[in-house]
Structure formats: C-alpha cells, structure tokens
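Here's the letter readout for the chains.
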Amino acid sequence: MTLTDSARTAAGRALSVASDAALVAYQDAIATYSREKLRSIAMEGADGTPTMFIDIVIEDAIIAAATAAGANVLSEERGWVDVGSAVTLVVDPVDGSANAAAGIPLSCFSAAVVIDGEFTEAMTCWLHTGERWWASRAESAFRTSGCTSLPEAAVSMLRPHDRNRDAWWRVASTATRIRILSCSTLESVFVATGSTDAFLDAGSDTHRLMDIAAAVVLVESSGGAVIDAFDRPIEFGTDLTKRWSGIVAATPELAHELRDAVQGVDRPPVTL
C-alpha cells in the first residue's frame, strides 16, 4: 500500500466516524437539553463568533472521534487540532446551529478531507434524518441541474445585511425563485443533487472555510462550480478569520453570472 493509499484509507475512516459521532451527539443533545440550553452562548469560538452550547457538545464528540481515527481537525469552535497526520478534516460540526437549537430540522454535519493542501473527498450528514452525501474528486453519484442562466435559476441565499443589500436584491430580483434555509452545507448539497440551481452568499463575506469546503468536492465532482464572488481562491488554511462570499452553482456559466450580479458589473457571457 502506498502512502497516498494509506492516507485515503484513513481519510474515509475519519469521515465516517466523525459523521457517526456528530449524529449520535446531536440526537443525545436534542433528547437531553432544553432549547434554551442548546442555544445558550457557551464561549467565543476560534473563528471569533459566539458559540452555542449545541455546537460545543457536538464538536467535542467529532474531535474525539476524528483524532482517534488519526486525522487532524480544523473546526470553527476549537480551531486547529493537530495530531501530526497527513489527513485533515475541515469540519462544520453543526451548520445551522440556530435551526438545530430551535427544533427546526435544517442542520448538518459537514466535513471535507484535505491531503497535501487539496480537498479530496467530503461528506455532509443531515442531522435530523441521518441522510448522508459523499463524493470524492474522482467520484460522485450526483449530478447538478445543469442550469446556466440566472433568470431560469432557483437560488438559495444567505439572508441580506446592510452591507450587501443591493447585491442581494440584484440576484433575488433576477432569479426565478429564492429560498433562505440558513444551512449553507445542506443548500450546497441541494445544488449537487440538482434539487436547486445555486446557493450563495451575495457579497456579505460571511462564509468561513468550513461553510463551503465540502461543497468544493460535492458540487464540483457533480458537474457544478464553487467560486468566491470576489475571485479569491477557496483554499485550505488554518486562519479562521478569513471569509468568503461563496457561490455554489450548477454550472460554471451560472456561477460567473451570479458573481457578476453580486459585483454589479456587466460582462460579456462566459463561454466554457
């Protein structure tokens, strides 16, 4: 077995046990604690944002499982946990924490594997149902919708802020349908599987790496594209202060049209 084969075997094992740990911890937390306790602020996370109690409970279980399986972990609350492995999991323990704490069934565990600085495989688990989606750079069971035009697209977005209100409206007023689910990783899965045409942060620079890392694998291997609205590379790094305005689209053409709408520029159509 080569070193690369060994690393990929460890990666698959780490993804699986981390997903299992997240699902069990979520189910236990929902059964054990009140909604008030689940949504209470427990600490400031490594990404500089407030951390809910539900995040801590589930993240601790994930880190214990993933590190025991031989993987480093980069997660939004605890930050960089280095066990000296060739394999790293970029983890969003509970994407949609507010949904989960409120009893709204729209939250996910999501993780991408990094080997030699490259995203190689990913898994997202819908915590309410246990349904899982996995893909690697070379293999996906899913296909995007193939939509290439914003006026024909059903688009999910993060909610608007004062800082991106105009960009948000340019997208919303052009798309055929808009949804706000407040769970970036699930919304990205829906793009990978063709249920919706695109998902994006319309220029508010809200996305952290763990919000969109899994989409880079799941969506791109399914025929879509994942880019930043301001053309910054989406790449691995342990600095959790970095932010992106991620665009997850069924095709490169649609991704670039959404980028132009966010930026408010009129470019000639992209031919790919």
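Provided above is the structure to which this section pertains.
This write-up is about the structure you can find in this document. The shown structure was predicted, so the numbers you read here are calculated from the model rather than taken from an experiment.

Criteria and cut-off values
Residue numbers restart at each chain and count upward from 1, following the sequence in its written direction. Residues qualify for local features only when their pLDDT is at least 70, as the model is predicted, and side-chain atom pairs are given and counted only at 80 or more; totals for whole chains, interfaces and linings, by contrast, use all residues. Derived side-chain values reflect all non-hydrogen atoms in the structure, with water molecules and hydrogen atoms excluded from consideration. Categorising residues by exposure relies on relative accessible area from a 1.4 Å probe, with only protein chains included: less than 20% of the type maximum marks a residue as buried, more than 50% marks it as exposed, and the intermediate range marks it as partly exposed. The secondary structure listing takes helices from DSSP runs of H or I that are at least 4 residues long and strands from runs of E that are at least 2 residues long, numbered from the N terminus. To qualify as a nonpolar core, a set must consist of buried Ala, Val, Leu, Ile, Met, Phe, Trp, Tyr and Cys residues joined through side-chain atoms within 4.5 Å. Contact definition: two residues touch when any of their heavy atoms are within 4.5 Å. Think of it this way: DSSP has to see at least two bridges between two strands before they count as a pair. Here an angle of 0 to 180 degrees is reported between the N-to-C directions of two axes, which are lines fitted to C-alpha atoms, with helices fitted over the stretch in contact.

**Topic: helix α6 (residues 184–192)**
Now for step 1: Of all nine residues making up α6, eight are buried, and the element is well covered by its neighbours.
Now for step 2: Directly beyond the C-terminal end of α6, a positive phi value near 80 degrees is found at Gly-194.

**Some thoughts on unusual backbone geometry**
Now for step 1: A positive phi angle is found at Asp-116, which is not glycine, with a value near 55 degrees.
Now for step 2: Among the structural elements, Asp-116 can be located in the loop between β6 (108–115) and β7 (118–126).
Now for step 3: Its identity as a non-glycine residue notwithstanding, Asp-205 has a phi of 50 degrees, on the positive side.
Now for step 4: By the element assignment, Asp-205 lies in the loop between β11 (198–200) and α7 (209–220).
Now for step 5: What makes Asp-205 partly exposed here is its relative accessible area of 29%.

**Focus: the nonpolar core**
Now for step 1: By size, the foremost hydrophobic cluster in this structure holds 34 residues, and its most contacted members are Ile-58, Leu-89 and Phe-109.
Now for step 2: Considering every element that reaches this core, the biggest residue donor is helix α1 (residues 3–32), with ten residues.
Now for step 3: If we skip the residues at most four places from it in the chain, Leu-89 touches Ala-14, Leu-15, Ala-18, Ala-66, Ala-71, Asn-72, Val-73, Leu-74, Ala-112 and Val-113.
Now for step 4: In terms of nonpolar packing, the next biggest core, distinct from the first, is built from 33 residues, Ala-112, Val-114, Phe-119 and Phe-199 among them.

**Comments concerning the sheet that holds β11**
Now for step 1: On the basis of which strands lie adjacent, the open sheet formed by five strands has the order β10-β9-β11-β13-β12 and mixed pairing. Strands at the two margins of the open sheet, each flanked by one partner only, are β10 (177–179) and β12 (225–228). Adjacent strand axes in the sheet meet at a mean angle of 20 degrees, parallel and antiparallel pairs treated alike.
Now for step 2: Bridge count between strand β9 (residues 154–157) and β10: three bridges; the pairing is parallel. When the sheet's bridge partners are listed, Ala-154 is paired in β10 with Arg-177.
Now for step 3: Against the sheet, helix α5 (residues 165–172) contacts β9, β10 and β11, and its axis sits at roughly 160 degrees relative to β9.
Now for step 4: Sitting on the sheet, α6 is in contact with β9, β10, β11 and β13 (246–249), with an inclination near 155 degrees to β11.

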